[in-house]
Amino acid sequence: MNGEELELLKEFYRESFELLEVFESNLVSVLNEGPSSEKINAIFRAIHTIKGVSSMLKLDDIAEFTHILENHLDDIRKNKFPLTNDFIGELLICEDHLAKSIQWVMEHQNVHLPKDFQEMGQEILDSVNQCVKKLNPQKTECQPEKLNLSSNNNFIICFTCQGITLSERIDPYFLLQ
């Protein structure tokens, strides 16, 4: 890692921990006082920012993890399912994993997390996805095994056809053209 990359990493580290503090404090506030759009938006923005900066810095493991969280938090913002105490518990586990992952990256100055961190992250996301399925049984899962965010040549497209689309014999491939 060159000097400029290290400085960017240090700034990411500092900013991420500030954002994780905002994330946690708003989750605790929701537990104590109930949800509000302001709190939910703050929770979403914290993860959204960490995802964006980690992707820019090629911290793909962190970007992939936060990408999934961001999608679920966006669904909460859109009132597709509620921010329940159980889901807040899952999010606090995610926060802990993110903090440890970011700390590891900083200490080792390595953009790739070790296999045990990756496996733990996947287990945590599996638990989060199970919680989401209970809260929103209609939600279809769009989670490839491994998102390759570092490649600009790959696209992952996930959409759900409403019943009428297929009953009217509209070819889903047509929607992608």
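These remarks concern the structure in this document. (Residues numbered from 1 in each chain as written. Predicted model: local features only at pLDDT ≥ 70, side-chain atom pairs only at ≥ 80, totals over all residues. Heavy atoms only, no water.)

Attention shifts here to the overall build of the chain. A count of helices and strands for the chain gives 7 helices and 0 strands. Ordering the α and β elements of the chain from the N terminus gives α-α-α-α-α-α-α. A sequence separation of at least 24 residues applies to 65% of the contacts in the chain between residues at least 6 apart. (Helix = DSSP H or I, 4+ residues; strand = E, 2+ residues; numbered from the N terminus. Contact = heavy atoms within 4.5 Å.)

Moving on to the nonpolar core. Ranked by internal contacts, the top residues of the largest apolar core, which has 40 residues, are F23, I62, L69, L73, L83, F87 and L91. At the level of secondary structure, the elements contributing two or more residues to this core comprise helix 1 (3-33), helix 2 (37-56), helix 3 (60-77), helix 4 (85-108) and helix 5 (115-135). Every residue in contact with L91, bar those within four places of it in the chain, is listed here: F23, L27, L69, L73 and L83. (Core = buried A, V, L, I, M, F, W, Y, C linked by side-chain atoms within 4.5 Å. Buried < 20%, exposed > 50% of the residue type's maximum accessible area, 1.4 Å probe, protein only.)

Let us now look at the side chain of S54. Secondary-structure assignment places S54 in helix 2. A relative accessible area of 0% means that S54 is categorised as buried. Here the side chain of S54 touches I50 through a polar contact of 2.8 Å, landing on its backbone oxygen. Setting aside anything within four residues of it in sequence, one finds S54 in contact with F12, L59, I62, A63 and T66. (Polar contact = N/O pair within 3.5 Å; in protein donor to acceptor, adjacent residues only side chain to side chain.)

Evaluation of the coordinates by the stated rule reveals 10 salt bridges. For D75, the salt bridge identified is with K80, shortest N-O distance 3.8 Å. Here D75 falls in the buried class, since its relative accessible area comes to 7%. Given the relative accessible area of 46%, K80 is considered partly exposed. Note that K115 is salt-bridged to E119, the shortest N-O span being 3.8 Å. With K115 and E119 both in helix 5 and 4 residues apart, this pair spans about one turn of that helix. Residue classification places K115 among the exposed positions, given a relative accessible area of 60%. (Salt bridge = Lys/Arg side-chain N within 4 Å of Asp/Glu carboxyl O.)

This part takes up the state of the cysteines. All told, the structure shown has 0 disulfides when counted by the stated rule. The thiol of C94 is not disulfide-bonded; the next cysteine sulfur, from C131, is found 10.0 Å away. (Disulfide = S-S within 2.5 Å.)

This part covers the packing of helix 1 against helix 4. Look at helix 1 against helix 4: their axes get within 10 Å of each other, and the N-to-C directions meet at 165 degrees. The angle between helix 1 and helix 4 places the two elements in the roughly antiparallel class. Like other packed secondary-structure pairs, helix 1 and helix 4 cross with a definite hand, here left-handed. Contacts between helix 1 and helix 4 involve L9, K10, F12, Y13, S16, F17, L20, F23, E24, L27, V30 and L31 from the first element and N85, I88, L91, L92, E95, L98, A99, I102, Q103, V105 and M106 from the second. Its residues placed into classes, the contact of helix 1 with helix 4 shows 17 nonpolar, 3 polar and 3 charged. (Axes fitted to C-alpha atoms, helices over the stretch in contact; angles between N-to-C directions. Parallel < 35°, antiparallel > 145°, perpendicular 65-115°, else oblique. Left-handed = near helix turned anticlockwise from the far one by under 90°. Nonpolar A, V, L, I, M, F, W, Y, C, P; charged D, E, K, R; others polar.)

Its identity as a non-glycine residue notwithstanding, K58 has a phi of 65 degrees, on the positive side. Residue position: K58 is located in the loop between helix 2 and helix 3. Here the phi dihedral of N79 falls at roughly 60 degrees; this positive angle occurs in a residue that is not glycine. Along the chain, N79 falls in the loop between helix 3 and helix 4.

Here we come to the side chain of S101. Position of S101 among the secondary structure elements: in helix 4. Dropping the residues within four chain positions of it, S101 is found in contact with I62, L113 and F117.

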